[in-house]
Amino acid sequence: MFETRSRTSRAVLQIVLTIAVIPFLVPIYTMVAKSFEGAGWGNYAAVVSVPGFFRFFLNSAIVAAGSIIIIYIATMMAAFGFSKLRIRSKELFFWLMMAALTLPEVVLIAPLYSTAVALGLLGTFWSVILPIAALQIPFTVLIARGYVDGIPDTLFEAARLDGAGTVRMFWSVLLPLARPIAVALLVLVLINAWNAYLLPKVFLINDDMGVVTLLPEFFRRQYNDDIPKVLAAAVVTAIPTIVAYIALQKQFERGMAAGAIK
Amino acid sequence: MTSLAPRTVDPARPYAQGEKGGRRRRVVPLIPGGFRWIIPALVISVGLIYYSIVYSGYISFFDWRGGRSPMNPIGFDNYVEAFTDPVFWTAIRNTVVYFVVVFAVQVIGGVFFAAALHSKVFLGSLYKVIIVIPVVVAPATLAPAHIQVWQSNGTVNAILESIGLGALTQSWIGQSTTSLMVVILVGCWGSIGFGFILYFGAMTQIDPEMIEAGRVDGAGNLRILFSLVLPNVKAITISLAILNLITALKLFDNVWLITQGGPAHSSEFLGTMIYSEIAASDRNLGYASALSVILLVIAVATSILIQLRSRERRAKVTKAVKAGVDV
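Residues numbered from 1 in each chain as written. Chains lettered and ligands numbered in written order. Predicted model: local features only at pLDDT ≥ 70, side-chain atom pairs only at ≥ 80, totals over all residues.

### Comments concerning the overall build of chain B
Next up, step 1: Across its full length, chain B holds 15 helices and two strands.
Next up, step 2: Burial statistics for chain B: of 327 residues in total, 43% are counted as buried. (Helix = DSSP H or I, 4+ residues; strand = E, 2+ residues; numbered from the N terminus. Buried ≥ 20, exposed ≤ 12 C-beta atoms within 10 Å, placed from the backbone.)

Next comes the structure, spelled out in C-alpha cells:
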C-alpha cells in the first residue's frame, strides 16, 4: 500500500515496522526467557514428566474433535437444507439461528450450570462440547450457506435427473464442492475449541478432565508458584497452536475473514 | 423447545407444502423438501441457546443456590441488587473503557500493519506471524507471561529502570489505579493481529488501478490510505466494532487470570462478576442469571444499534452517489 520509491523511505518503513512489532515480542520473550531460569531445560523435563501432563492435551483433543464432528455434520446439513432444499418459512428458522450469532458464552453459564447439575452432565465432555457447538453453529451455518448459495443449482438438478436422491446429492455433490469452506471453518472451530477456557473451567470439574487452557493454574497449584515451571508449561502448551497456525495459515485467515463479514 | 416443536413440525408435512407451493410455482414441488436437514443445527444451536436464555430469565427471579436447594422467588430483587451494586457500575464503566480503547487501537494498529505489509518490506511473513501469534494462542496460556511482564519485578519495570525512568516503576497489577490499564493493554496486544488479518484480506480486494489513479492525481501515501483505502474497508471496521463490543461484554479469561477483577473490584467486568457468583460457595444462580440477562440485553441492543446506524449511513451515501449520477 505504502509506496516506497527511494531506498530511504523503504528503510524508514522497515524500521518503523520493526519498532512497532517489538511490543508483540516482549511477553513472548519474557515467557521463554524466564522459563529457563533456575534449572534450564530441567524445567521443561519436570513439566513434561508430571503424571497426567499429556492427559490435558488428550482432553483438549477430545473436546476439539467432538465439537468439530458435531459442527461439521450439523453445518453441512443445514447449509444444504437452507440453500438447496424447500423448507416452509425457511428464513424464519434461519433468522432464529442468526439471532444467536454474537451471543456471549458467559450468559449461558448460569442456566447451563444448573441444567448440567440437574442432568448429571457436570464433569462430562458433553457439557463443554455441546455449548461450544451451539455457539459456533450459527456462524458456521451463515458462512457455509453463503458458500453453498454460490454452487449452481443446475449441478443438483443434473444429479436429480440422473436419479440421485437427496442423500446422494448431499454426499456426492455438496460435500465435495463445499470442502474449501469446510476446511477453513473447521480450522477456526479447532482453534476456538482448543482455546476455550471459561466453559471447561466451569464444567470439567474432575481432576483428570483438565484441558490445556487449565494447565497454567494446574501448575501453579502443583509447583506452588514455581514461576519458571509454570512458564515452561505455558511454552509447551503454546507451541502446538503456533505450529498449527503456521501450517494452516491460509485456511485460518480465510475462516477469520469470513467471520468478520457477518 | 417444547413450545417450538408443534410449529416447526407442521410446515414439514409434505402435503401442506405441495398444496401451497404448487399453486404459486410449478417448479417448487420438484425441489425436495428439506426440513429434516436443518434439524440437527436447529436443535443443538437454537434449542440449547434459546432454552438457556429463557431458563436464565426464569432463574433470575429466584434466590437459588442450584441443585436441590430450595428456590425462593424474590421478584425483581436480583435486578435491583445489580443496579444498586457499585461493582456492577464499575464493571459497566470498565466495559465501555475497554471497548473504546481496544477498538481504537485495533483499528489503528490493524490498518497500519496491513498497509505496511502490503508494501514491499523485508521478511514480511515473519512480521505477520509475530503479530498473529497473540490471536491464535489461548489467552489462558499467555496470561502467566503477561503477569511476568507487568508484575513488580517484571519486564516493564526492568525496561523503565534501564532507560532511567526508575521513578515510574510500580506494582501495575496490584494497585487499583493501574490494574484496568494492564487488562486493556493485554487486550490490545491480543486483538491487533485480528484487525490486521481482516484489513490485510480486505486490502487485497482493492483494485490496484484505483490506487494507481490516485497516485497519478498526486495523492501521497497518507492521502491514499485515508481517502481510498479506508473507505473501502469500512465494512471491516463496522464488523470489528460489533465483535469488540461482544468481546468487551463477555471479557473473562485475561481479567480472571491476571487481576481476578481486583484489586478491590477495580478491574471487574460482567464476565468475571457472573463467574465469581457461580463459583462462590454462597452462590446465587439467580443473581448470576440476572446479570446474564442484563448483559444479553446490552449486547443485543447495542449491536442492533451499530448495525442500523451503519446501514443508515450506507443508505445515505448510496443515495448521495445516485443523486450525483442523476445530476
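### Details of the overall build of chain A
Next up, step 1: In terms of regular secondary structure, chain A is built from 13 helices and zero strands.
Next up, step 2: Helices (α) and strands (β) of chain A occur, in sequence order from the N terminus, as α-α-α-α-α-α-α-α-α-α-α-α-α.
Next up, step 3: For a compact globule of 262 residues, the expected C-alpha radius of gyration is about 18 Å, and chain A comes in at 23 Å, more than 25% above that figure.
Next up, step 4: A total of 262 residues make up chain A; the buried ones form 47% of that total. (Rg over C-alpha atoms; globule rule 2.2 N^0.38 Å.)

### A word on the interface of chain B and chain A
Next up, step 1: Across the boundary between the two partners, chain B contributes 84 residues, which contact 83 residues of chain A.
Next up, step 2: No other element matches the 15 residues that helix 3 (residues 35–59) of chain B contributes to the side of chain B that touches chain A.
Next up, step 3: Here the side of chain B that touches chain A is built from residues that sort into 58 nonpolar, 22 polar and four charged. (Contact = placed C-beta atoms within 7 Å. Nonpolar A, V, L, I, M, F, W, Y, C, P; charged D, E, K, R; others polar.)

### Quick look at the nonpolar core
Next up, step 1: Formed by 179 residues in total, the largest nonpolar core has its most connected members in Ile-109 of chain A together with Ile-38, Ala-41, Ile-274 and Leu-291 of chain B.
Next up, step 2: Considering every element that reaches this core, the biggest residue donor is helix 9 (residues 179–204) of chain B, with 16 residues.
Next up, step 3: No fewer than three residues from each of domain 1 (5–78) and domain 2 (93–326) of chain B sit in this core. (Core = buried A, V, L, I, M, F, W, Y, C linked by C-beta atoms within 7 Å. Domains from an automatic or database assignment.)

### With respect to the confidence of the model for chain B
All names here are of chain B.
Next up, step 1: Looking at chain B as a whole, the pLDDT averages 81, with 86% of positions reaching at least 70.
Next up, step 2: By mean pLDDT, helix 1 (residues 5–9) is the weakest element of chain B at 40, and helix 5 (residues 86–118) is the strongest at 92.
Next up, step 3: The ipTM assigned to the predicted complex is 0.83, against a pTM of 0.83. (pLDDT = per-residue confidence, 0-100.)

### Observations regarding the domain arrangement of chain B
All names here are of chain B.
Next up, step 1: Segmenting chain B into domains produces domain 1 (5–78) and domain 2 (93–326).
Next up, step 2: Across the boundary between the two partners, domain 1 contributes 12 residues, which contact 10 residues of domain 2.
Next up, step 3: Listed by contribution, the elements that provide at least two residues to the side of domain 1 that touches domain 2 are helix 3 and strand 1 (62–63).
Next up, step 4: Considering every element that reaches the side of domain 1 that touches domain 2, the biggest residue donor is helix 3, with four residues.

### Structural notes on the environment of Ile-22 of chain A
Residue and element names in this part refer to chain A.
Next up, step 1: With respect to the helices and strands, the residue Ile-22 is situated in helix 1 (residues 7–35).
Next up, step 2: For Ile-22, a count of 10 C-beta atoms within 10 Å corresponds to the exposed category.
Next up, step 3: Residues Ile-22 and Gly-150, 128 residues apart in the sequence, show an inter-C-alpha distance of 42 Å.

### Comments concerning helix 12 (residues 234–250) of chain B
Next up, step 1: Compared with the 24 Å implied by 1.5 Å per residue over 17 residues, the 25 Å span of helix 12 of chain B between its first and last C-alpha is a close match.
Next up, step 2: Among the residues making up helix 12 of chain B, those that are buried are Ile-236, Thr-237, Leu-240, Ile-242, Leu-243, Asn-244, Leu-245, Thr-247, Ala-248, Leu-249 and Lys-250 of chain B. (Expected span 1.5 Å × (residues − 1).)

### Considering the confidence of the model for chain A
Next up, step 1: Mean pLDDT over chain A works out to 85, with 96% of the residues at or above the 70 mark.
Next up, step 2: When pLDDT is averaged over each element of chain A, helix 3 (residues 53–84) of chain A comes out on top at 92 and helix 13 (residues 249–260) of chain A at the bottom at 72.

### Topic: unusual backbone geometry
All names here are of chain B.
Next up, step 1: One non-glycine residue, Leu-123, lies in the positive phi region at around 60 degrees.
Next up, step 2: Note that Leu-123 resides in the loop between helix 5 and helix 6 (124–136).
Next up, step 3: One non-glycine residue, His-265, lies in the positive phi region at around 60 degrees.
Next up, step 4: With 21 C-beta atoms counted inside 10 Å, the residue His-265 sits in the buried group.

### Quick word on the packing of helix 6 (residues 126–149) of chain A against helix 3 of chain B
Next up, step 1: For the pair helix 6 of chain A and helix 3 of chain B, the least separation of the axes is 8 Å and the interaxial angle reads 110 degrees. Considering their axes alone, helix 6 of chain A and helix 3 of chain B lie roughly perpendicular with respect to each other. Remark: the crossing between helix 6 of chain A and helix 3 of chain B carries left-handed chirality. From helix 6 of chain A, Leu-130, Pro-131, Ala-133, Ala-134, Ile-137, Pro-138 and Val-141 of chain A reach across to helix 3 of chain B, where they touch Ala-41, Ile-44, Ser-45, Leu-48 and Ile-49 of chain B.
Next up, step 2: Residues belonging to the contact of helix 6 of chain A with helix 3 of chain B are distributed by class as follows: 11 nonpolar, one polar and no charged. (Axes fitted to C-alpha atoms, helices over the stretch in contact; angles between N-to-C directions. Parallel < 35°, antiparallel > 145°, perpendicular 65-115°, else oblique. Left-handed = near helix turned anticlockwise from the far one by under 90°.)

### Considerations on the environment of Ile-28 of chain A
Next up, step 1: Assignment of secondary structure puts Ile-28 of chain A in helix 1.
Next up, step 2: Spatially, the C-alpha atom of Ile-28 of chain A lies 8.9 Å from that of Val-235 of chain A, the residues being 207 residues apart in sequence.
Next up, step 3: Apart from the residues lying within four places of it in its own chain, the contact partners of Ile-28 of chain A are Ile-133 and Ala-145 of chain B.

### Observations regarding the environment of Ile-205 of chain A
All names here are of chain A.
Next up, step 1: Within the fold, Ile-205 resides in the loop between helix 10 (198–203) and helix 11 (215–222).
Next up, step 2: Along the sequence, Ile-205 and Val-48 sit 157 residues apart, while their C-alpha atoms lie 22 Å from each other.
Next up, step 3: Every residue in contact with Ile-205, bar those within four places of it in the chain, is listed here: Leu-122 and Gly-123.

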